[in-house]
Amino acid sequence: MKQKIVLIVILVFCLNLVSSADAAALEVSAKSAVLICADSGQILYALNENMQMPMASTTKIMTALLALENLPLNETVTVGNEVLRVDGTSLGLKPGDQIVLYDLVCGMMLASGNDAANAVAVAVSGSVDAFVALMNLRAKEIGMENTVFGTPSGLDAQAHF
């Protein structure tokens, strides 16, 4: 079940990136882009593919993956003070709120809740810093060679690309 949810999230994200199967005809306004065949690993389209770029959506996918790999979806998470130190989009969580992990992951992926990402990080690893270390370890395990995570939410940070 967890793998199906992750696959659906990744597919939706990828479908938003590519609206045409003809990679040669793509007109991309992004500074950098890469389209890779999942079966063969062949690069179908590339534009500044080695440029270090911020990665908010990719970050939240990694945060969701680690949540699904490490905790049951029905686990109740008590939100701590870490949600108070978040910029950008939030769900409006407050310390002491109790919320099921499934709802945190949905709020993080659908509403881009940065507070939810931090709450997930603390629930999985005990702290945001420990979770970021886990993110970087998992990234290496799955072959994300030139990726460094600095936050669970994807907010820009010095070592986050």
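Chains are numbered independently. Their residues run from 1 in the order of the written sequence. pLDDT decides what is reported in this predicted model: residues at 70 or higher carry local features, side-chain atom pairs at 80 or more are listed and counted, and totals for whole chains, interfaces and linings draw on all residues regardless. Computation of side-chain values: all heavy atoms of the structure, hydrogens and water removed.

Chemist: I'm lost on the nonpolar core in this one. Help?
Modeler: Proteins that are soluble and globular tend to have nonpolar side chains buried together. Judged by nonpolar contacts, the single largest core of 27 residues is most densely connected at Met62, Leu93, Leu101, Leu104 and Met135. Here a strand is any run of E in DSSP of at least two residues, a helix any run of H or I of at least four, and the numbering for each starts at the N terminus. Looking at which element gives the most residues to this core, the answer is helix α4 (residues 114-125), with 6 residues. If near-sequence neighbours (up to four positions away) are discounted, leucine 101 is found in contact with Ala67, Leu71, Pro72, Leu73, Glu75, Val77 and Val120. Here, nonpolar core refers to any group of buried Ala, Val, Leu, Ile, Met, Phe, Trp, Tyr and Cys residues whose side-chain atoms link them within 4.5 Å. The cut-offs for exposure are 20% and 50% of the maximum accessible area for each residue type, with area from a 1.4 Å probe on protein chains only; residues under the lower value are buried, those over the upper are exposed, and the others partly exposed. Every residue pair with non-hydrogen atoms within 4.5 Å of one another is taken to be in contact.

Chemist: Quick question: what am I supposed to make of the packing of α4 against helix α5 (residues 128-141) here?
Modeler: The description of two helices packed together rests on the angle between their axes and the distance between the axes. Angles run from 0 to 180 degrees between N-to-C directions of axes, and those axes are lines fitted to C-alpha atoms, restricted for helices to the stretch in contact. The interhelical angle for the contact between α4 and α5, taken along N-to-C directions, is 85°, at an axis separation of 8 Å. It follows from the interaxial angle that α4 and α5 lie roughly perpendicular. For the pair formed by α4 and α5, the contact residues are Asn118, Ala121, Val122, Val124 and Ser125 on the first element and Val128, Ala130, Phe131 and Leu134 on the second. Nonpolar residues are Ala, Val, Leu, Ile, Met, Phe, Trp, Tyr, Cys and Pro. Charged residues are Asp, Glu, Lys and Arg, and all others, Gly as well, are polar. For the contact of α4 with α5, the residue count by class is 7 nonpolar, 2 polar and no charged. By the definition adopted for this analysis, an angle is roughly parallel if under 35 degrees, roughly antiparallel if over 145, roughly perpendicular if from 65 to 115, and oblique otherwise.

Chemist: Is there a simple way to think about α4 in this case?
Modeler: For an α-helix, 3.6 residues make a turn, and residues three or four places apart therefore share a direction. Expected span of a helix, by definition, is 1.5 Å for each gap between consecutive residues, and there is one gap fewer than residues. Counted at 1.5 Å a residue, the expected span for α4 with its 12 residues is 16 Å, and the 17 Å between its end C-alpha atoms agrees. Within α4, 9 of the 12 residues are buried, leaving the element largely enclosed by the surrounding structure. Buried within α4 we find Asn114, Asp115, Ala116, Ala117, Asn118, Ala119, Val120, Ala121 and Val124. Tucked into the core, α4 has its buried residues touching α2 (56-70), β3 (76-78), α3 (101-110) and α5. Positive phi shows up at glycine 126, right after α4, with a value of about 95°.

Chemist: What is the right way to look at unusual backbone geometry in this model?
Modeler: Comment: phi is negative for the bulk of residues other than glycine, and the bulk of peptide bonds are trans. At asparagine 48, a position not held by glycine, the phi torsion is positive, near 50°. Backbone geometry places serine 112, a non-glycine residue, at a positive phi of 60°.

Chemist: Any chance you could explain a nonpolar patch on the surface here in plain terms?
Modeler: Here the term patch refers to residues with relative accessible area over 30% and no salt bridge, with like charges joined within 9 Å and nonpolar side chains (Val, Leu, Ile, Met, Phe, Trp, Tyr) within 5 Å. Where accessible areas are quoted, they stem from the Shrake-Rupley method and a 1.4 Å probe; at the residue level, only the protein chains shown are allowed to cover. The salt bridge definition used is simple: a Lys or Arg side-chain nitrogen within 4 Å of an Asp or Glu carboxyl oxygen. The grouping of Val34, Ile36 and Ile43 at the surface amounts to a nonpolar patch, some 260 Å² of accessible area in total. Examined against the element boundaries, valine 34 turns out to sit in strand β1 (residues 33-36). Here valine 34 falls in the partly exposed class, since its relative accessible area comes to 39%.

Chemist: Would you mind showing me how to read the pairing of β1 here?
Modeler: Along any regular strand, the residues point their side chains to alternate faces of the sheet. Sheet topology places β1 next to strand β2 (residues 43-47); 4 bridges connect them, and they run antiparallel. Following the sheet pairing, alanine 33 is matched in β2 by leucine 47. Where β1 folds back on β2, the antiparallel hairpin that results is connected by 6 residues, among which glycine 41 adopts a positive phi of roughly 80°. Think of it this way: DSSP has to see at least two bridges between two strands before they count as a pair.

Chemist: So what exactly am I meant to see when it comes to the side chain of serine 153 here?
Modeler: Within the fold, serine 153 resides in the segment after α5. You can call serine 153 buried: its relative accessible area is 3%. Those residues in contact with serine 153, other than ones at most four positions away along the chain, are Ala56, Thr59, Lys60, Asn114 and Ala117.

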